[in-house]
Amino acid sequence: MNPSEIAHALEEQIDRLDELVDEVTDAGRNAAETESAFKIEHAKARLTIKATAIEKLTVSDIEAEALVACEELHLQYLLGENNLITTREVIRLSQTKCDALRTLSASFRAQA
């Protein structure tokens, strides 16, 4: 790579970082919303199961039935968390690429 190509690649990475910041903001909001929805519905399901149980249930039985009742929200919650983690990792990778390009650029300047 020559200095011009390095500068261009660095600009592209910085632009990508700007996009990723927006994506991580959206992913964080989505993760929070799905977590909240899941936890609220899960709590409602546990209360309903306890209130309508004919026989005494163990805590693990109640928990299992509540999770089954909220399985779709639980999946959305897990997917939202995964998306947030993945987006954060992509940001770290992009930052590392920027650092490498800056180091490469500095080595060209030092040679000049």
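This structure is a prediction, so every number in the text was calculated from the model and none was measured.

### Some words on the packing of helix α1 (residues 3–52) against helix α2 (residues 59–69)
Part 1 of the argument: Taken N-terminus to C-terminus, the directions of α1 and α2 make an angle of 130 degrees; their axes are 8 Å apart at the nearest point. When the axis of α1 is compared with that of α2, the two are oblique. α2 is crossed by α1, and the crossing has right-handed handedness. Of α2, the residues touching α1 (which contributes F38, H42, A45, R46, I49 and K50) are I62, E63, E65, A66, L67 and A69.
Part 2 of the argument: In the contact of α1 with α2, the residues fall into seven nonpolar, one polar and four charged.

### Considerations on the nonpolar core
Part 1 of the argument: Counting residues in each nonpolar core, the largest one holds twelve residues, listed as I6, A9, L10, L17, L20, V24, A27, A31, L84, I91, C98 and L101.
Part 2 of the argument: Contributing elements (two or more residues each) for this core: α1 and α3 (71–111).
Part 3 of the argument: Core analysis: the next-biggest nonpolar cluster, separate from the first, contains seven residues, I49, I62, C70 and Y77 among them.

### Overview of the pattern of salt bridges
Part 1 of the argument: One pass over the full model with this rule turns up seven salt bridges.
Part 2 of the argument: The closest approach of N and O atoms between E23 and R16, which form a salt bridge, is 3.2 Å.
Part 3 of the argument: Classification of E23 by relative accessible area gives partly exposed; the value is 35%.
Part 4 of the argument: E41 serves as the salt-bridge partner of K44, at 3.4 Å between the closest nitrogen and oxygen. Of this pair, K44 and E41 are both found in helix α1, three residues apart, which corresponds to roughly one turn of the helix.

### Quick look at the environment of A106
Part 1 of the argument: When you line up the elements, A106 lands in helix α3.
Part 2 of the argument: Taking the relative accessible area as the measure of exposure, A106 reaches 33% and is therefore partly exposed.
Part 3 of the argument: Put simply, A106 and P3 are 103 residues apart on the chain and 9.4 Å apart in space, counted from C-alpha to C-alpha.

### Describing the packing of aromatic side chains
Part 1 of the argument: One pass over the full model with this rule turns up one aromatic pair.
Part 2 of the argument: Ring geometry for F38 versus Y77: centroids 5.5 Å apart, planes at 10 degrees, classification stacked. Separated by 39 residues along the polypeptide, F38 in helix α1 and Y77 in helix α3 bring together distant segments of the chain.
Part 3 of the argument: You can call F38 buried: its relative accessible area is 8%.
Part 4 of the argument: Relative accessible area serves as the criterion here: at 18%, Y77 is assigned to the buried category.

What counts and what doesn't
- Residues numbered from 1 in each chain as written.
- Predicted model: local features only at pLDDT ≥ 70, side-chain atom pairs only at ≥ 80, totals over all residues.
- Heavy atoms only, no water.
- Axes fitted to C-alpha atoms, helices over the stretch in contact; angles between N-to-C directions.
- Helix = DSSP H or I, 4+ residues; strand = E, 2+ residues; numbered from the N terminus.
- Parallel < 35°, antiparallel > 145°, perpendicular 65-115°, else oblique.
- Left-handed = near helix turned anticlockwise from the far one by under 90°.
- Contact = heavy atoms within 4.5 Å.
- Nonpolar A, V, L, I, M, F, W, Y, C, P; charged D, E, K, R; others polar.
- Core = buried A, V, L, I, M, F, W, Y, C linked by side-chain atoms within 4.5 Å.
- Buried < 20%, exposed > 50% of the residue type's maximum accessible area, 1.4 Å probe, protein only.
- Salt bridge = Lys/Arg side-chain N within 4 Å of Asp/Glu carboxyl O.
- Phe/Tyr/Trp six-rings, centres within 6.5 Å; stacked < 30°, edge-to-face > 60°.

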